[in-house]
Every structure is written in C-alpha cells, then in structure tokens.
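Architecture and fold: a report
Below, each chain spelled out in residue letters.
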Amino acid sequence: MRIIPAIDIIEGKCVRLTGGDYAQMKVYNEDPLEVAKNFEAHGIQYLHLVDLDGAKADHIVNHKVLYRIATKTNLKIDFGGGLKKNADLKLAFECGAQQITGGSIAVRDPEIFREWLTEYGPDKIILGADARDESVAVSGWTQDSGRPLIPFINEYLNTGVSYVICTDISKDGMLSGPAIDLYKKILKTTMVSKPPVKSGTLEEMKWKGLKLIASGGISEIEELGVLEEIGCEGVIIGKAIYEGRIGLKALESLVIKKRN
C-alpha cells in the first residue's frame, strides 16, 4: 500500500480544512514547497496536491505551486482541484503532475472525463469519489450531486477507471479514524464480473480491479495496517501529519520496511 501525504492549497499556502468546511481552515505553512521537501527528505515518494481555490473556482488557480514542487522535488504528484476543461488538464500535466484527479467533472461532464481516460489511460486519470452519507459531493465538497457513491464508482470502473480516491467527508480533518466500513463495502461491491478477453484490452483492465485510495480521518499509524489488510492500494494522510499524530520518522521507517 502506498503512503501519500497531502498538501491542500489556498492562496498559495499549505492548509487543512475540517469536514471540508472552508470556514474551518488552518494554515500550516506559508510555503508548500518546504513541506513537500520535508516529505521527500523522509523517504516519501508520492504527494496528493489539491488546489482548493481551483475546486471552488472551477478552474486551476494554484498551478504555479504545482510547478514549483514538481521541478524542485522528485515526488510523484497527483493533482486535483479545478480540472474542468481540456486546457486545465493540459496545464496540470505541463506543470508536472504525473496523475490528475477528476471529481466534479466526472459527475457533471462524464463525456469529457471518459475522453481523458481514453486519451491518457487509467494510470494517469484518477476518479475522485468523495461523499457525505454515500452521496457524491462536488465543487470542493460544497454541493451534493445526488449521485449514490458505489454505483458512481462502479459505472466508471466499467468504463476503464482503475484508481479511485474516496474521502468520507464527514471524517476529513476530524482525526477520528478512517471510514473502514465504507471502504470494505466499496471493495466488496465494486467488482467487475467479466474475465479478460485479450491482453491489453479494456476487458483485461477491468478484471484487474479497483485500486482504492483511502482518504480522510487518519489519526494514528496503526490504521494504515488495517487499510492495507482490507485491500486499499494507497492511503492519503493529511492532518495527522500536520498535528503531529503521525510522525514523518515513523512513516519513513514504514516506507523503508515496505521497500525491503
């Protein structure tokens, strides 16, 4: 299971929200690059970078932050927030993102999202499936789309999506533990029944199954083992790091152990 620290950006600063509420924002560092370099110094290889300004504005805002981190570290960055048009996607990749996460666009304009998936492939395009009470939220979690979470994930799994980031918004920033039961439910019910037909085909891609990345609520390092055991491919950790609940030294030891 991959360990993926998160940096959320508002006005170019590293922040965290509580329960997805923009009114409950805390600034942790004026310079996200400094934070990213510290992650890298502790053996971290991946970064989840979210443009919260972009998520509200419906277009990328903090692309310069993405560029600085991508050009001054070797972190493999997945970038989300404000990706609504082809130009946004192009800009994100040009600025150094190795993957992008599309959430609102997958709800509001599935045709464009599927075009991205076809053009760039399932290793580059992540489905953002964030929800309150198992209903998908959009626009930086400010609006309820009315789409049930698991059928939404299944729909895209059947059209070629591989990676899915799922946040239980009620857990995000609460340090109350991840949504284990929800992830178990997703992993149990998002199964594709058709076997592979030919190597490299869409059918084969489906058969390989869902790569679920858990996000939200992580509060202690022991929870990472539980998430790995139930089948999560990755885990995004934010506030627990910034509040000192999970130390970077401990994560470094875990990363080294996994490599060996």
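Here's a quick rundown of the structure. (Residues numbered from 1 in each chain as written. Predicted model: local features only at pLDDT ≥ 70, side-chain atom pairs only at ≥ 80, totals over all residues. Heavy atoms only, no water.)

1. Remarks on the overall build of the chain
- Secondary structure summary: the chain contains 12 helices and 13 strands in total.
- Against the compact-globule benchmark of 18 Å for 260 residues, the chain has a radius of gyration of 17 Å, which places it among compact chains.
- Sorting the 260 residues of the chain into buried and exposed places 57% on the buried side.
- When contacts within the chain are restricted to residue pairs at least 6 apart in sequence, those whose partners lie at least 24 apart make up 67%. (Helix = DSSP H or I, 4+ residues; strand = E, 2+ residues; numbered from the N terminus. Rg over C-alpha atoms; globule rule 2.2 N^0.38 Å. Buried < 20%, exposed > 50% of the residue type's maximum accessible area, 1.4 Å probe, protein only. Contact = heavy atoms within 4.5 Å.)

2. Concerning the pairing of strand β2 (residues 13–18)
- Burial analysis of β2 places five of its six residues in the buried class, the great majority of the element.
- In terms of strand pairing, strand β1 (residues 2–10) meets β2 through three bridges, oriented antiparallel. Looking at β2, one finds that Ile10 is bridged to Lys13.
- In this antiparallel pair of consecutive strands, β1 and β2, the connection spans two residues, and Glu11 shows a positive phi of 55 degrees.
- Direction of pairing for β2 relative to strand β3 (residues 21–29): antiparallel, over a ladder of five bridges. Note that in β3 the partner of Arg16 across the bridge is Lys26. (Pairing = 2+ DSSP bridges.)

3. Quick notes on the side chain of Ser162
- When you line up the elements, Ser162 lands in the loop between α7 (149–157) and β11 (163–167).
- In this structure Ser162 comes out as buried when scored by relative accessible area, which is 8%.
- Setting aside residues no more than four positions away along its own chain, Ser162 makes contact with Pro122, Gly209, Leu210 and Lys211.

4. Focus: the sheet that holds strand β9 (residues 135–138)
- Here we have three strands laid out as an open sheet, ordered β8-β9-β10, and antiparallel in their pairing. Edge positions in the open sheet fall to β8 (131–132) and β10 (143–148), since each of these has one partner strand only.
- Bridge count between β8 and β9: two bridges; the pairing is antiparallel. Across the sheet, the residue bridging to Arg132 is Ser135, located in β9.
- Here α7 sits on the sheet in contact with β8, β9 and β10, set at roughly 70 degrees to β10. (Axes fitted to C-alpha atoms, helices over the stretch in contact; angles between N-to-C directions.)

5. Looking at the packing of helix α4 (residues 86–94) against helix α6 (residues 110–120)
- α6 packs onto α4 with a crossing angle of 40 degrees between their chain directions and a minimal axis gap of 11 Å. For α4 against α6, the interelement crossing comes out right-handed. Across the interface between the two elements, Asn86, Leu89 and Phe93 from α4 touch Ile112, Trp116 and Tyr120 from α6. (Left-handed = near helix turned anticlockwise from the far one by under 90°.)

6. Some thoughts on unusual backbone geometry
- Backbone geometry places Glu11, a non-glycine residue, at a positive phi of 55 degrees.
- Despite not being glycine, Leu175 has its phi angle at roughly 55 degrees, a positive value.
- Following the sequence through the fold, Leu175 ends up in the loop between β11 and α8 (180–189).

7. Examining the environment of Gly160
- When you line up the elements, Gly160 lands in the loop between α7 and β11.
- Measuring from C-alpha to C-alpha, the distance between Gly160 and Leu182 comes to 22 Å, with 22 residues separating the pair along the chain.

8. A closer look at the nonpolar core
- Of all hydrophobic cores here, the largest spans 72 residues; its most connected members are Ile7, Ile186 and Ile237.
- Looking at which element gives the most residues to this core, the answer is α7, with six residues.
- Excluding its chain neighbours within four sequence positions, the residues that come into contact with Ile7 are Cys14, Pro32, Val35, Ala36, Phe39, Leu47, His48, Leu49, Val50, Ile69 and Tyr242.
- Judged by nonpolar contacts, the second largest core, of eight residues, contains Ile4, Ile126, Tyr163 and Ile213. (Core = buried A, V, L, I, M, F, W, Y, C linked by side-chain atoms within 4.5 Å.)

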